Amino acid sequence: MRATTIHAPFDMRVEDVPEPLVQLPTDAVVRVLRACICGSDLWAYRGESARQPGQRIGHEFLGIVEETGSEVSGVKAGDLVVAPFVWSDGVCDYCREGLTTSCVHGGFWGAVGYDGGQGEAVRVPFADGTLVRLPKDAASDDHLLSALLTLSDVLGTGHHAALGAGVRKGATVAVVGDGAVGLCAVLAAKRLGAERIIALGRHETRTDIARRFGATDVVAARGEAAVEAVRELTRGQGAHAVVEAVGTEQSMRTAVGITRDGGAIGFVGVPHGSGTGLDLGVMFDRNIALRGGVAPVRTYIPELLPDILDGSIDPSPVFDLTVDLEGVPDGYKAMDERTALKVMVTNS
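An account of the accompanying structure is given in this report.

Rules behind the numbers
Residues numbered from 1 in each chain as written. Predicted model: local features only at pLDDT ≥ 70, side-chain atom pairs only at ≥ 80, totals over all residues. Heavy atoms only, no water. Helix = DSSP H or I, 4+ residues; strand = E, 2+ residues; numbered from the N terminus. Rg over C-alpha atoms; globule rule 2.2 N^0.38 Å. Buried < 20%, exposed > 50% of the residue type's maximum accessible area, 1.4 Å probe, protein only. Areas by Shrake-Rupley, 256 points an atom, 1.4 Å probe, with all protein chains shown as cover. Lys, Arg positive; Asp, Glu negative; His and termini not counted. Charge placed at Lys NZ, Arg CZ, Asp CG, Glu CD. Salt bridge = Lys/Arg side-chain N within 4 Å of Asp/Glu carboxyl O. Contact = heavy atoms within 4.5 Å. Polar contact = N/O pair within 3.5 Å; in protein donor to acceptor, adjacent residues only side chain to side chain. Pairing = 2+ DSSP bridges. Right-handed = clockwise from strand over helix to strand, strands pointing away. Axes fitted to C-alpha atoms, helices over the stretch in contact; angles between N-to-C directions. Arc of directions from axis to C-beta.

### A word on the overall build of the protein chain
When helices and strands are tallied, the protein chain shows twelve helices and 18 strands. The C-alpha atoms of the protein chain give 20 Å as radius of gyration, which agrees with the globular expectation for 348 residues (20 Å, within 12%). For the C-alpha atoms alone, the extent of the protein chain along its principal axes is close to 60 × 40 × 35 Å. Sorting the 348 residues of the protein chain into buried and exposed places 56% on the buried side. When the accessible surface of the protein chain is split by element, carbon and sulfur atoms take 50% of a total near 14400 Å². Positive and negative charge centroids in the protein chain, built from 32 and 45 side chains respectively, lie 5 Å apart.

### Some points on the pattern of salt bridges
Counted under the stated rule, the structure contains 19 salt bridges. We note a salt bridge from Arg 31 to Glu 66, for which the minimum N-O separation is 3.0 Å. With a gap of 35 residues between them, Arg 31 in strand E3 (residues 28-36) and Glu 66 in strand E5 (residues 61-68) connect regions that are remote in the sequence. What makes Glu 66 partly exposed here is its relative accessible area of 41%. The structure contains a network of salt bridges with shared partners spanning Arg 2, Asp 16 and Glu 326.

### Thoughts on the environment of Asp 11
Examined against the element boundaries, Asp 11 turns out to sit in strand E2 (residues 11-16). With a relative accessible area of 22%, Asp 11 lands in the partly exposed category. For the pair Asp 11 and Leu 187, spaced 176 residues apart in the sequence, the C-alpha separation amounts to 34 Å. Look past the residues within four positions of Asp 11 in its chain and what remains in contact with it is Thr 5 and Ile 6. For Asp 11, the side chain forms a polar contact with the side chain of Arg 13, separated by 2.8 Å.

### Describing the pairing of strand E12 (residues 196-200)
The buried fraction of E12 amounts to four of the five residues, a majority that puts the element mostly inside the structure. Here five bridges tie strand E11 (residues 172-176) to E12, and the two strands are oriented parallel to one another. Within E12, the position partnered with Ala 174 by the bridge is Ile 198. In terms of handedness, the path from E11 via helix H6 (residues 180-191) over to E12 forms a crossover that is right-handed. Sheet topology places E12 next to strand E13 (residues 217-219); three bridges connect them, and they run parallel. Bridge assignment links Ala 199 to a residue of E13, and that residue is Val 218.

### Details of the sheet that holds strand E15 (residues 259-267)
Each strand in a sheet pairs with another by means of backbone hydrogen bonds, the pair being arranged parallel or else antiparallel. Spatially, the six strands line up as an open sheet ordered E13-E12-E11-E14-E15-E16, and their pairing is parallel. Looking at strand neighbours, the two that pair on one side only are E13 and strand E16 (289-292), the edges of this open sheet. Looking at each pair of strands side by side, their axes are set apart by 20° on average, direction ignored. This element, helix H5 (residues 154-164), spans strand E14 (239-244), E15 and E16 of the sheet and lies at about 155° to E15. Of the strands in this sheet, E11, E12, E14, E15 and E16 are in contact with helix H9 (residues 249-258), which crosses E15 at around 145°.

### So, helix H12 (residues 328-336)
Those residues of H12 lying buried are Val 328, Gly 331, Tyr 332, Ala 334 and Met 335. With its buried residues spanning 165° around the axis, H12 presents them on a single face. Two residues or fewer past H12, Arg 338 is found with a positive phi of approximately 60°.

### Overview of the sheet that holds E2
The strand order E2-E1-E4 describes an open sheet built from three strands, whose pairing is antiparallel. The open sheet has two free edges, formed respectively by E2 and strand E4 (55-56), since each of these has just one partner strand. Looking at chain direction, strand E1 (residues 2-8) and E2 are connected through six bridges and run antiparallel. For Ala 3, the partnering residue across the bridge sits in E2 and is Glu 15.

### Regarding the side chain of Glu 60
Here Glu 60 is to be found in the loop between E4 and E5. For Glu 60, a relative accessible area of 1% corresponds to the buried category. At a separation of 3.1 Å, a polar atom in the side chain of Glu 60 contacts the side chain of Lys 342. The residues contacting Glu 60, other than those within four sequence positions of it, are Arg 34, Ala 35, Cys 36, Ile 37, Cys 38, Leu 149, Ser 152, Asp 153, Val 154 and Lys 342.

Here is the structure:
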């Protein structure tokens, strides 16, 4: 089969690799219909996170189950399924508590020795704990497939950020970051009943999506100017709930600066750079809470799926470029150069 591999910074290739096989009785093999490129994949692409030459990549996909191991009972051949970006057994203490990303048997797609989502097929460990069945008729609905694909990562991650920030009905929310996760956090905040949502972003095409998703205000400034602008919009107080969806020191400093005393920050931007920008003294004095981390999206899929199916939410606009599998290297280039927000990969 064909699959995306990474060989060095900026060196992405689509190559012939062995077809995945059921190796353990808890495995399934999924033929990928849709995958995508994540902003976090760019850290490997740019050489800022280590990869072995030839390693697979991609952690967001949905597809059709082709084969299952003898102990798999939750899905069967022919089922349309979505996979969260971490596989998990579904039965360990962490999984039972909803923290599937800490599963004692879990792992990430594209890890050494495992398939990545940006390929024609994937061996799925612990299929019963990992995969979620979708309505079969969705397989023929391109628009719905695009929306459902966000369940594999960005929608659940935006929801995790909103929960970490304590978004509630009537709250004022600010979202730092105009990438796909930040935009999904806007959508999540609206879904949770936020009254006012301030999106921080400088790219008009992205902030237009933010407004479509429920943002009431847009702040294009950065740094101290952004802090001043948000405080001006909030009678000098800041937002009750702040989402940090970038992961840099500057973005975290901005998040702290725009949080209202007694408020909370939900952080889901993958941290990168030399520092965190956190001053615990400031957070202590102002009673600011900090919650977040790697989103256990498998836990959130059953809650979010019905809202996509009935049209209550539509996260599909985060995909603004579609390529076939052979076009994945061009997709990385487009996202790296910020000419694309999020790239979808089609295998059909």
